[in-house]
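# Descriptive analysis of the structure
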Amino acid sequence: MTDNTIIKVEHLSKTFGEDLVVLKDINTEIKKGDVISIIGPSGTGKSTFLRCLNKLETSTSGKIYINGADITNKKTDILKIRQKMGMVFQSFNLFSHLMVIENLMLAPMKLLKMSKQEAYDNGMELLKTVGLASKALAFPEELSGGQKQRVAIARTLAMKPEIILFDEPTSALDPITTQEVQTVIETLSKSGRTMVIVTHSMDFARKISSRVMFFAQGTIYEEGTSRQIFENPQKPLTKKFIHSISS
Ligand code: ADP
Ligand code: MG
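Nothing here was measured: the structure is a model prediction, and the numbers come from that model.

### Thoughts on helix α9 (residues 236–246)
Residues spaced three or four apart along an α-helix point in a common direction, a consequence of the helix completing one turn every 3.6 residues. When we look at burial in α9, the residues that qualify are T238, F241 and I242. Here the buried residues of α9 occupy an arc of 95 degrees about the axis, which is enough to place them on one side. The exposed set on the far side of α9, more than 90 degrees from its buried face, consists of P236 and K240. Turning to α9, the residues buried within the fold contact β3 (35–39), α7 (202–208), β9 (211–216), β10 (219–224) and α8 (226–231).

### Brief notes about the environment of I6
Mapped onto the elements of the fold, I6 is located in strand β1 (residues 5–16). Separated by 24 residues in sequence, I6 and I30 have C-alpha atoms that sit 5.9 Å apart. Those residues in contact with I6 that sit more than four places away from it in its chain are I30, K31, K32, Y65, I66, N67, E162, I163 and T194.

### Comments concerning the pattern of salt bridges
Scanning all chains against the criterion turns up 14 salt bridges. A salt bridge links K63 to D70, with the nearest nitrogen and oxygen atoms 3.7 Å apart. A residue is classified by how much of its surface remains accessible, and D70, at 12% relative accessible area, is buried. In this structure, E186 and K190 form a salt bridge, with 3.6 Å as the shortest nitrogen-oxygen distance. A relative accessible area of 65% means that K190 is categorised as exposed. One salt-bridge network, in which partners are shared between bridges, spans K8, E10, E29 and K31.

### Side note on the pairing of strand β7 (residues 163–167)
Successive side chains on a regular strand alternate, one facing one side of the sheet and the next facing the other. Most of β7 sits inside the fold, with 5 of its 5 residues counted as buried. The alternating pattern of β7 places I163, L165 and D167 and I164 and F166 on opposite faces, both of which are buried. By the bridge criterion, 5 bridges tie β7 to strand β8 (residues 194–198) in an arrangement that is parallel. For I163, the partnering residue across the bridge sits in β8 and is T194.

### Examining the nonpolar core
Core analysis: the biggest nonpolar cluster contains 35 residues, and L127, I153, F166, I185 and I197 have the highest contact counts within it. Where this core is concerned, the elements lending two or more residues are α3 (100–111), α4 (116–129), α5 (145–158), β7, α6 (175–189), β8 and α7. If one sorts the elements of this core by residue count, α5 sits on top with 6 residues. Judged by nonpolar contacts, the second largest core, of 28 residues, contains I81, M85, V198 and M213.

### A look at the side chain of T48
On the secondary structure map, T48 appears in helix α1 (residues 46–53). In this structure T48 comes out as buried when scored by relative accessible area, which is 12%. Not counting chain neighbours up to four residues away, the residues in contact with T48 comprise K14, F16, V22, L23 and E57.

What counts and what doesn't
- Residues numbered from 1 in each chain as written.
- Chains lettered and ligands numbered in written order.
- Predicted model: local features only at pLDDT ≥ 70, side-chain atom pairs only at ≥ 80, totals over all residues.
- Heavy atoms only, no water.
- Buried < 20%, exposed > 50% of the residue type's maximum accessible area, 1.4 Å probe, protein only.
- Helix = DSSP H or I, 4+ residues; strand = E, 2+ residues; numbered from the N terminus.
- Arc of directions from axis to C-beta.
- Contact = heavy atoms within 4.5 Å.
- Salt bridge = Lys/Arg side-chain N within 4 Å of Asp/Glu carboxyl O.
- Pairing = 2+ DSSP bridges.
- Core = buried A, V, L, I, M, F, W, Y, C linked by side-chain atoms within 4.5 Å.

Structure follows, in structure tokens:
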């Protein structure tokens, strides 16, 4: 493993129940600072792959190393590793009974042992970054979908993660709020954090990714730079998918 590898996946497979094979022998290495987009048809295991990376799903076989630690080993402290690895979901998952700023303060106080003041300052700073400082005292239900997602991103950042996983962060949003959220993610993509983003938004994937993975048949069917995947795909299913979305 070279020094700047942050995620390494070896022979990862995931089966649900007796015989639903969702991921088949996935092998890949992600470097620090990589911005990876995962694209592909529904049902091909994109979300499952992302969830295996932070052990929200337990893999059936294979190994997953995060910063060198094998999270498939039961002795590895997954809670500690998850602190360095944020996840942003399609459905925001904010705490509805807490104000926006409280949503951002909770985990840093509990897990990073920040003082209340520190957590507040850190939270306000991040709300500024996503353009929502004025909503600090609002409750999630008072926000638009796009604003909720920007708060969810700020909350993830509040834990100072090295890796951020995004699972279709704009799929529940209308075009305008999608744009607001994509702008925030695009800015983040230049910050040196490692990001893995499942998305149906091809222009967005093309614009921000250092590498694109096309998922099909439960595996990374083809991967390459944006240019390689979008302009010059090599394998039949990739070609078919790219042609279908560009026509
Ligand atoms: P994608 O994100 O590419 O649309 P998913 O990873 O969500 O695909 O799902 C891949 C396959 O795994 C689908 O057939 C889905 O129904 C199945 N699946 C996902 N999660 C579960 C689960 N918890 N139990 C059983 N089957 C699941
Ligand atoms: Mg999915």
